[in-house]
Amino acid sequence: MDGDGGLATWNALNGPTANDAEDVVRLLERWKNQRRPRGRVATVAVALKNHAALRHTREFMAAVTASVGDVPVLFVDDEGDQAGLNIAKEGRESSTYRAIRRLREASANHTYVLYTATPQAPLLIALEDSLSPRTVSLLEAGADYVGGQVLFEERSADFVRRIDDHDDALDPEGIAPPKSLLDALATYFLALIVAQRRLSPRPLSMLIHPSSTTDLHRAYERWTKRVIDRLVTVFESGDDQLLSQTAEEMFQAPYDDLASTGGVAVHGAPVPLSELIEELENFLGQVSVVTVNSEDGREIAAGDWKSRPGWIVIGGNKLDRGFTVENLAVTYMPRGPGVGNADTVQQRGRFFGYKRRYLDLLRAWLNPGTTEVYKSYAEHDRVMRGELERLDVGSLPLREWRRAMLLDPDLNPTRRSVIRLEITSHQVGPWVVQDRLYAGAGPDVDGQALLASLRNRAEPDPRDRRTASAPRNTSCRTTWHAVAPVLAGWHAADVDKDRIYAVMLALQEARAGDRPVGVVFMNGGVRRRRGPDAESRRQLIAAAGDLTRVEDVDGLAIGNLMQGADPADGSVYPGDRAFVSDEAITVQVHELELEVPSGESLAATAVAIHLPDGLKNRLLLQD
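Not measured: the values here are computed from a predicted model. Once a new chain begins, its residue numbering starts again from 1 and follows that chain's sequence as written. A pLDDT threshold of at least 70 governs which residues receive local features in this predicted model, and a stricter bar of 80 or more applies before side-chain atom pairs are shown or counted, although totals over entire chains, interfaces and linings include all residues. Derived side-chain values reflect all non-hydrogen atoms in the structure, with water molecules and hydrogen atoms excluded from consideration.

Attention now goes to the overall build of the chain. Working definition: helices are DSSP H or I runs of at least four residues, strands are E runs of at least two. Numbering for both runs from the N terminus. Broken down by element type, the chain carries 17 helices and 24 strands. In terms of principal-axis extent, the alpha carbons of the chain reach across some 90 × 80 × 45 Å. Each of the 623 residues in the chain was classed as buried or not, and the buried ones make up 50%. Pairs at least 24 residues apart make up 78% of the contacts formed inside the chain by residues separated by at least 6 positions. Each accessible area value is a Shrake-Rupley result obtained with a 1.4 Å probe; residue values ignore everything except the protein chains displayed when judging cover. Approximately 29,900 Å² of the chain is accessible, and the part contributed by carbon and sulfur atoms is 48%. Charge counting treats Lys and Arg as positive and Asp and Glu as negative, with His and both chain ends excluded. Taken as the charge centre is NZ of Lys, CZ of Arg, CG of Asp or CD of Glu, depending on the residue. Within the chain, the 89 negative side-chain charges are centred at a point lying 4 Å from the centre of the 73 positive side-chain charges. Exposed residues in this analysis have more than 50% of their type's maximum accessible area, buried residues have under 20%, and partly exposed residues fall in between, with area computed by a 1.4 Å probe over protein chains only. Any two residues whose heavy atoms approach within 4.5 Å are treated as being in contact.

A word on the environment of Ile-423. Locating Ile-423 in the fold gives a position in strand β16 (residues 423-428). By relative accessible area, which is 25% here, Ile-423 ends up partly exposed. Taking C-alpha positions, Ile-423 is 44 Å from Lys-179, a pair spaced 244 residues apart along the chain. Apart from the residues within four sequence positions on either side, Ile-423 is in contact with Leu-124, Leu-620, Leu-621, Gln-622 and Asp-623.

Where helix α8 (residues 179-198) meets helix α11 (residues 273-284), the closest approach of the two axes is 9 Å, and the angle between their N-to-C directions is 90°. With respect to their mutual orientation, α8 and α11 come out roughly perpendicular. Each of Phe-189, Leu-190, Leu-192, Ile-193, Val-194, Gln-196 and Arg-197 in α8 lies in contact with α11, whose residues at this interface are Leu-273, Glu-275, Leu-276, Glu-279, Leu-280, Phe-283 and Leu-284. Taken together, the residues of the contact of α8 with α11 break down into 10 nonpolar, one polar and three charged. Throughout, an axis means a line fitted to C-alpha atoms (over the contacting stretch in the case of helices), and angles, computed between N-to-C directions, take values from 0 to 180 degrees. Orientation is classified from the angle alone, with under 35 degrees giving roughly parallel, over 145 giving roughly antiparallel, 65 to 115 giving roughly perpendicular, and any other angle giving oblique. Residues are grouped as follows: nonpolar covers Ala, Val, Leu, Ile, Met, Phe, Trp, Tyr, Cys and Pro; charged covers Asp, Glu, Lys and Arg; every other residue, Gly included, is treated as polar.

Bringing unusual backbone geometry into the picture now. Cis geometry is adopted by the peptide bond preceding Pro-201, which originates at Ser-200 and carries an omega value of -10°. Considering the arrangement of structural elements, one finds Pro-201 in the loop between α8 and β7 (204-208). In the segment running from Asp-566 into Pro-567, the intervening peptide bond is cis, with an omega of -10°. On the secondary structure map, Pro-567 appears in the loop between α17 (534-542) and β22 (585-595). In this structure, Ser-395 is a non-glycine residue whose phi angle is positive, near 50°.

Attention now moves to helix α10 (residues 240-259). By this rule the span expected of a helix is its residue count minus one, scaled by 1.5 Å. Between its first and last C-alpha, α10 extends only 24 Å over 20 residues, short of the 28 Å set by a 1.5 Å rise per residue. Here the bend at a residue means the angle between the axes of two seven-residue stretches, the one that ends at it and the one that starts at it. At Phe-251, α10 shows its largest kink, close to 55°, and the proline Pro-254 lies no more than four residues downstream. Turning to α10, its buried residues number three or more, namely Thr-246, Ala-247, Met-250, Phe-251, Pro-254, Tyr-255, Asp-257 and Leu-258. Where α10 is buried, its residues contact β6 (160-162), α8, α9 (214-237), α11 and β14 (363-366). Counting of polar contacts relies on pairs of N or O atoms within 3.5 Å, with two restrictions inside protein: one atom must be capable of donating a hydrogen and the other of accepting it, and residues adjacent in sequence are counted only when both atoms are side-chain atoms. Where α10 begins, the side chain of Asp-239 points an oxygen toward the backbone nitrogen of Gln-241, at a separation of 3.0 Å.

Let us look at the pairing of strand β19 (residues 474-479). Every second residue of β19 is oriented toward a common face, the buried set being Thr-474, Cys-476 and Thr-478 and the non-buried set Ser-475, Arg-477 and Thr-479. Alignment of strand β18 (residues 459-460) against β19, held across two bridges, turns out to be antiparallel. Paired with Pro-460 across the strands is Thr-474, a residue of β19. Pairing of β19 with strand β20 (residues 516-521), which is carried by six bridges, proceeds in the antiparallel orientation. The residue of β20 that forms the bridge with Thr-474 is Phe-521. Pairs of strands are assigned from DSSP output, requiring at least two bridges between the strands.

Its 18 residues place the ends of helix α2 (residues 51-68) 25 Å apart at the C-alpha level, agreeing with the 26 Å of an ideal helix rising 1.5 Å per residue. Those residues of α2 hidden inside the fold are in contact with β1 (10-14), α1 (21-33), β3 (73-78) and α3 (95-105). Count one or two residues on from α2 and you reach Gly-69, which has phi positive near 85°.

Attention now moves to a nonpolar patch on the surface. Exposure above 30% relative accessible area and the absence of a salt bridge qualify a residue for a patch, where like charges join within 9 Å and nonpolar side chains (Val, Leu, Ile, Met, Phe, Trp, Tyr) within 5 Å. For salt bridges, the criterion is a side-chain nitrogen of Lys or Arg within 4 Å of an Asp or Glu carboxyl oxygen. A cluster of nonpolar side chains, Leu-74, Val-76, Val-113, Tyr-115 and Leu-139, forms an exposed patch at the surface whose accessible area comes to about 490 Å². When contributions to the nonpolar patch are tallied by element, the ones reaching two or more residues are β3 and β4 (110-115). Mapped onto the elements of the fold, Tyr-115 is located in strand β4. Given the relative accessible area of 46%, Tyr-115 is considered partly exposed.

Glancing now at the sheet that holds strand β24 (residues 617-622). With respect to topology, three strands assemble into an open sheet ordered β15-β24-β16, the strand pairing being antiparallel. Lying at the two open borders of the sheet, with one neighbouring strand each, are β15 (404-407) and β16. Here the average twist between neighbouring strands, direction ignored, is 20°. In this structure, β16 lies alongside β24, joined through six bridges in antiparallel fashion. The residue bridging Gln-427 from the neighbouring strand is Arg-618, located in β24. Lying over the sheet, helix α13 (residues 368-393) contacts β15 and β24, oriented at roughly 165° with respect to β15. Where helix α16 (residues 494-509) meets the sheet, its contacts fall on β15, β16 and β24, and the angle it forms with β16 comes to roughly 60°.

The geometry of α2 relative to α3 is characterised by a closest axis approach of 9 Å and an angle of 10° between their N-to-C directions. One way to sum up the angle between α2 and α3 is to call them roughly parallel. Between α2, through His-51, Leu-54, Thr-57, Arg-58 and Met-61, and α3, the contact on the second element is made entirely by Ser-95, Thr-96, Ala-99, Ile-100, Arg-102 and Leu-103. Residues belonging to the contact of α2 with α3 are distributed by class as follows: five nonpolar, four polar and two charged.

Bringing the side chain of Gln-588 into the picture now. Following the sequence through the fold, Gln-588 ends up in strand β22. Only 2.8 Å separates the side chain of Gln-588 from the backbone oxygen of Asp-576, close enough to count as a polar contact. Apart from the residues lying within four places of it in its own chain, the contact partners of Gln-588 are Trp-431, Val-520, Met-522, Met-562, Asp-576, Phe-579, Ala-606, Val-607 and Ala-608.

Dropping the structure here:
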């Protein structure tokens, strides 16, 4: 963009207005009349995403098109899930959203691209919305990129450090810095010297992200500078005994921790702690401690980073999105996950990025709840990328994708104000029970054959202590890989099919193919009689038992699929819900005769699925 002193390729505009139109029109006229490509200049205009700046941009676009017609325009909406989406109530438009619509109307020949690492919001707006994307292009990161799967799945033990004193860490009135902060600072100071000796990366940075409150930012700036001043005093004292004591008390454990991942090695050889501390004296005075928030208004310009060997950046919401902390190695984040919007939590992760060359130096001190959210987000991200990749590779329109997002039960996909699609949240585990009164429910033809082969292998279940003359539960062991095809074509009411689909998607993404499954045939396959629940019975009585007169047949519910204990202490029969395993997935098969008030009975097969701890999840599914 800056050019190289030769023929210009780009004309850069920052905040275009109608006054810029004349120069751009001249460039476009030259482009049309130029016989050779060399010398053609494309205009790139950057506008802030607020209604005032976009109004000026629209005036600029209108002036250009009035002179040269509908020239092709590419709009790139950076962080396309933020600011521009419609957050007004139904039937109204928020100001920035309306400004974007009017800007696009000023150019009849354009393409609009939303660009973001967290696409949940654009994927959940109404399909008829003008910003609802038509297609998706999934970008692959380069080989040096480090994301959630690396930091929170593959290398979580190396990367994550727990903040156990988070009450102290969130108290702006605290006199002394929390112990966890001292550990994080000591780790950063050692990593800084290692990076300097390696000559890469330089500078090295630390991020302290306590909360959005500025009083806490000031406390962390005060604590951090106090720690640095204390260390400078130790060095300047010339007291070898005091220096040795400081090295032992403050730096030995962080040094050992860094050594566990190779983070104290330079050119393949570990550097002794004493050498790192000796060299630290030269650098402490040049580590810049900067608070970045809306109150202070301080910024770090792109050209400033290399002016110092180290940076400690403190802030809150201003560091959540779009702010790049150059060569970030150590993060200290005592704040919790907040309201639990998945896209916000992900954007807060400034520790993601192109860091593989110094992976051994990466550390993050996190609130335990925040750690769990990032771990679950890594799974959510993998599922969503898989779904979008299928559309991208197949060149399929997004309209054909039934939105399905696997989420931790404590997470929301995005802020509620932008969600316009009708979605249902399905709890995946511990129990997923088919409970609709649906005639003919059960496996398809292929599933019936597979289920029959499993039933032939089943043996009496020892947990069922009823007499041999009574129907008893039978069971067999297999794998999820063998059971999934039985459920894939299961006939059921739509709500039950969605529940089964949610389980299958969750287990597919958990790579549960080889997980053990206990298949339990309740009553050994002998049919049980079950009636409708009270509300469904009222509907059926009103329809004189005629299912064709019931408005919502799929909404009719079974009164109680699960049989209770008999007797109450479960000494003979512990109840259906006792036939589960702590380590294996359980699939119960219930053969039923469904009674209706007319006296008829309908044959059906129902399933109840139990997931052990570690496999429970939640699926958001488009209705």
